Amino acid sequence: MTTGVWLIGARGSVAVTSMVGATALRAGLAEPLGCVTELPELASEAVPGLGDLVFGGHDISDITLEKKVEDLVAAGVLPARPAAAVADKLAALERELRPVPSAATQLETARLIAEDIDDFRRRRGLVRVVVVNVSSTEPAVVPHPAHGVLADLEDALSSPGAILPPSSLYAYAALVAGCSYVDFTPSTGTRLPALRELASSAGLPYAGHDGKTGETLVKSVLAPMFAMRNLRVRTWAGTNLLGGGDGANLADPAANAAKAGSKQRVLAETLGYQPQGSSHIEYVDDIGDFKTAWDLITFSGFLGTRMRMEFSWHGCDSALAAPLVLDLARLTAAAHAAGRSGPLTELAFFFKDPIGEVPHDLPGQWAALVAFVRGLDGAA
Ligand SMILES: NC(=O)c1ccc[n+]([C@@H]2O[C@H](COP(=O)([O-])OP(=O)(O)OC[C@H]3O[C@@H](n4cnc5c(N)ncnc54)[C@H](O)[C@@H]3O)[C@@H](O)[C@H]2O)c1
């Protein structure tokens, strides 16, 4: 059941950690910690194994994988021993990465992107490829009338100009190439009616948005506790300090706003009201991929007594994200094989801002995920 994983942003930290990590796990060099699909509750014949994944992808950067791995080892993201042990596999991975094509119109660019993916599928003899967006977060999309209907979109794309943001152009190309699509970023991706129409007419599944790996994961567990104990949260303010490529990109106010919005939604939805405070993201070059999040929560209990809680989270962002990228690729490929199409709302467990009206309740999301995998077993 060899399955292709085509990474958009394939030379970035999350992508390279995912590829090197999967290669190291296949060689038995580490335990699959952080890989949710390796838990006994999700064991399934229908889900491709970690060893069944082969990788390719697009990136606008031309940094070599060798240099990127060296940087990730120096930064403490990738442990030196497994990275050294898979060094001889990097040349083969490198051969599957492509520069981002560019043409006079976005329709032509999408055709070239789809051709690269199709070429990968044919050369590697793959039945199925999952396209996963792990490229830099974009600013929020500028609405365009052609986003509403597929025929209008295809018309508009055939004229010069940028009708779609890159994440949505990749999603369009992936669907045209017959691939499922996962957005691990807060970017627009498939969140346009015309692309939902395309996915539904092509019978393809898609999932997103924005991997839930750090502060938001902790929030999604703590917020229900306050709600269920009828404690009124007055303030929930957080500061996230991070470096690396993601941090540098999020220093741009427009990309930052897209990310911060996706981080706060969990509170209003879980508590039923929006407490004071917001979630700030600040770029601190020196800490690289190791993120620190500080959250202050003030709340009132019996007779209005005022209390507070603080937590700090020190996470290695790419090490938290990479196993989820592998999980999502495996689960989405299995859903595609089982004939699922449209939004995979059962994968909400993995996302900060899940597609569909899925409540931000982690145990409920987990139960839906387990039922989803059992359903895939039934379909196999
Ligand atoms: N690490 C986490 O915990 C986490 C959690 C949720 C979401 N994410 C998201 O995952 C994404 C990747 O994070 P990262 O730390 O790997 O960032 P990164 O900066 O290291 O990598 C991003 C890569 O995308 C490439 N890229 C930019 N524009 C592109 C385009 N138009 N086409 C193809 N490639 C393009 C860049 O060249 C770079 O190699 C970010 O959007 C981030 O917000 C990460």
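Residues numbered from 1 in each chain as written. Predicted model: local features only at pLDDT ≥ 70, side-chain atom pairs only at ≥ 80, totals over all residues. Heavy atoms only, no water.

## Examining the site of the ligand
Inference 1: As a matter of local geometry, the ligand sits amid 27 residues, with Val14, Asp59, Ser135, Tyr170 and Thr213 nearest to it.
Inference 2: Thr137 is positioned with one of its side-chain polar atoms (N or O) 2.8 Å from an oxygen atom of the ligand.
Inference 3: Within the complex, the protein chains bury 91% of what would otherwise be the 850 Å² of accessible surface of the ligand.
Inference 4: Of the residues belonging to the shell around the ligand, the class tally is nine nonpolar, eleven polar and seven charged. (Near = heavy atom within 4 Å. Polar contact = N/O pair within 3.5 Å; in protein donor to acceptor, adjacent residues only side chain to side chain. Areas by Shrake-Rupley, 256 points an atom, 1.4 Å probe, with all protein chains shown as cover. Nonpolar A, V, L, I, M, F, W, Y, C, P; charged D, E, K, R; others polar.)

## Considering the side chain of Thr109
Inference 1: Of note, Thr109 is situated in helix H5 (residues 106-123).
Inference 2: In terms of polar contacts, Thr109 uses its side chain to reach the backbone amide nitrogen of Ala103, at 3.2 Å.
Inference 3: Discounting chain neighbours no more than four positions away, the residues touching Thr109 are Pro101, Ser102, Ala103 and Leu169. (Helix = DSSP H or I, 4+ residues; strand = E, 2+ residues; numbered from the N terminus. Contact = heavy atoms within 4.5 Å.)

## Considering empty space enclosed by the protein
Inference 1: In the structure shown here, the tally under the stated rule is one cavity of 30 Å³ or more.
Inference 2: Space inside the largest cavity adds up to approximately 30 Å³.
Inference 3: Of the residues belonging to the lining of the largest cavity, the class tally is six nonpolar, two polar and no charged. (1 Å grid on protein atoms, 1.4 Å probe; cavity = no way out; pocket = protein on both sides within 12 Å on 5 of 7 lines; lining within 4 Å. Points joined across faces, edges and corners; volume = space filled by probe spheres on them.)

## Points about the pattern of salt bridges
Inference 1: Taken as a whole and assessed by the stated rule, the structure comprises 17 salt bridges.
Inference 2: Between Asp317 and Lys291 there is a salt bridge, with its nearest N and O atoms 3.8 Å apart. Of this pair, Asp317 sits in helix H12 (residues 317-337) while Lys291 is found in strand E9 (residues 290-300), placing the two residues 26 residues apart along the sequence. Here Asp317 and Lys291 have matching classes, each one buried.
Inference 3: With a closest N to O distance of 2.9 Å, Arg340 and Glu346 form a salt bridge.
Inference 4: For Arg340, a relative accessible area of 25% corresponds to the partly exposed category.
Inference 5: Salt bridges here are not isolated pairs; linked through shared partners, they connect Glu96, Asp119, Arg123 and Arg124. (Salt bridge = Lys/Arg side-chain N within 4 Å of Asp/Glu carboxyl O. Buried < 20%, exposed > 50% of the residue type's maximum accessible area, 1.4 Å probe, protein only.)

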